[in-house]
Amino acid sequence: MAWWFGITLLEALATEISVLAFLLLFTFAFNWLFDRIAGLPDSAR
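Everything numeric in this text was worked out from a predicted model, so none of it was measured.

*Asks:* Is there a simple way to explain the overall build of the protein chain in this structure?
*Replies:* For the protein chain, the count of helices and strands is two helices and zero strands. In terms of principal-axis extent, the alpha carbons of the protein chain reach across some 50 × 15 × 10 Å. Classification of the 45 residues of the protein chain by burial places 2% in the buried group.

*Asks:* What am I meant to see in the packing of aromatic side chains here?
*Replies:* Within the structure shown, the criterion is met by four aromatic pairs. For the pair Phe 22 and Phe 26, a centre-to-centre distance of 6.0 Å together with 25° between the ring planes defines the contact as stacked. Here Phe 22 and its partner Phe 26 are both found in helix H2 (residues 9-38), four residues apart, which amounts to about one turn of the helix. On the basis of relative accessible area, Phe 26 is assigned to the partly exposed category, the value being 47%. Their ring planes at 20° and their centres at 6.3 Å tell us that Phe 30 and Phe 34 sit as a pair that is stacked. Of this pair, Phe 30 and Phe 34 both sit in helix H2, four residues apart, which is roughly one turn of that helix. For Phe 34, a relative accessible area of 47% gives the class partly exposed.

*Asks:* So what exactly am I meant to see when it comes to the environment of Phe 5 here?
*Replies:* Along the polypeptide, Phe 5 turns up in helix H1 (residues 2-5). Take Phe 5: its relative accessible area is 56%, and that puts it in the exposed class. The spatial distance from the C-alpha of Phe 5 to the C-alpha of Ala 44 is 45 Å, given a sequence separation of 39 residues.

*Asks:* Even after reading the chapter, I still don't get the environment of Pro 41, so can you show me in this structure?
*Replies:* One can find Pro 41 in the segment after H2. On the accessibility criterion, Pro 41 (48% relative accessible area) is partly exposed. Residues Pro 41 and Phe 28 lie 13 residues apart in sequence; the distance between their C-alpha atoms is 18 Å.

Rules behind the numbers
Residues numbered from 1 in each chain as written. Predicted model: local features only at pLDDT ≥ 70, side-chain atom pairs only at ≥ 80, totals over all residues. Heavy atoms only, no water. Helix = DSSP H or I, 4+ residues; strand = E, 2+ residues; numbered from the N terminus. Buried < 20%, exposed > 50% of the residue type's maximum accessible area, 1.4 Å probe, protein only. Phe/Tyr/Trp six-rings, centres within 6.5 Å; stacked < 30°, edge-to-face > 60°.

Written out as structure tokens, the structure is:
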């Protein structure tokens, strides 16, 4: 993929880490917000 995009391996690694960090934070925020809006089921309390 680094060759395909014309970037160095270090830049590809940094891009991969950035994408993974964004997805981790987005997933956490989405689940937290969904639970605040929809509420937790009684079985989860």
